[in-house]
Amino acid sequence: MKRLDAPEVLLLAEELAELLVDTVDGGASVGFLAPLDAAWAAGWWRERAEAVAAGRLLVWAAYDDGRPAGTVSLALPDKPNSRHRGEIVKLMVHRRARGRGLGRALLDTAESAAAASGITLLHLDTETGSPAESLYRSAGWTRAGTIPDYALSPDGVLRPTTLYYKRLGAAVDG
């Protein structure tokens, strides 16, 4: 895994766009509708570079044959009462690289970095019934609930989302 800085996100925007397009074309609900235009996706990644430069977004990439085969991001809040938590966003693995543990490795990397930076609570959402749910459950995430008709799937159908959270480090119930 490699943590990407803002210049690297800009430099890799087209390759990261190819990963995003493949993820959406493969049916993963990561916020976009199919078909996703590659140039638009590259622009979306370029816009992320500003948040990376500001320290509000951490991005890691996994590589396969020298190309990004997966990413995960950790979004960090900027409000004083929420600096103990972060959100896992855009965990993606290219279809050519699935089934090799990249998703778990990316998730573990983000969780470890979050814990090392003092974050004690992570949260995420994922399409209910998606393959990602089994990954999160097997990685120790707790289901918090489901919201019906939360987002459109890549093919334009309203789908529910399931919210998950995970306590890190010495966090206790309270």
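Structure's up top.
Residues numbered from 1 in each chain as written. Predicted model: local features only at pLDDT ≥ 70, side-chain atom pairs only at ≥ 80, totals over all residues. Heavy atoms only, no water.

Here strand 6 (residues 142–152) pairs with strand 7 (residues 158–167) via 7 bridges, running antiparallel. Note on strand 7: the bridge partner recorded for A151 is R159. Taking the residues that link successive antiparallel strands as the turn, the strand 6-strand 7 hairpin has 5 residues, and the phi of G156 there is positive, at about 90°. (Pairing = 2+ DSSP bridges. Helix = DSSP H or I, 4+ residues; strand = E, 2+ residues; numbered from the N terminus.)

In this section: the pattern of salt bridges. One pass over the structure, following the stated rule, counts 10 salt bridges. Residues R96 and E18 are paired through a salt bridge, measuring 3.9 Å at the closest nitrogen-oxygen approach. Here E18 lies in helix 2 (residues 13–25) and R96 lies in the loop between strand 4 (85–93) and helix 4 (102–116), a separation of 78 residues in the sequence. Exposure remark for E18: the relative accessible area of 31% places this residue in the partly exposed category. Close ionic contact of R137 with E133 constitutes a salt bridge, the shortest N to O distance being 4.0 Å. In this pair, R137 and E133 are both assigned in helix 5 (residues 131–138), 4 residues apart and thus about one turn of the helix distant. (Salt bridge = Lys/Arg side-chain N within 4 Å of Asp/Glu carboxyl O. Buried < 20%, exposed > 50% of the residue type's maximum accessible area, 1.4 Å probe, protein only.)

Turning to helix 2, a few remarks are in order. Under the 1.5 Å per step criterion, the end-to-end length of helix 2 is 18 Å for 13 residues, consistent within 8% with the ideal 18 Å. Those residues of helix 2 that sit buried are A13, L16, A17, L19, L20, V21, D22, T23 and V24. Elements in contact with the buried residues of helix 2: strand 1 (2–4), helix 1 (6–11), helix 3 (38–53), strand 3 (67–75) and strand 4. Of the residues flanking the end of helix 2, it is G27, one or two places downstream, whose phi is positive at about 100°. (Expected span 1.5 Å × (residues − 1). Contact = heavy atoms within 4.5 Å.)

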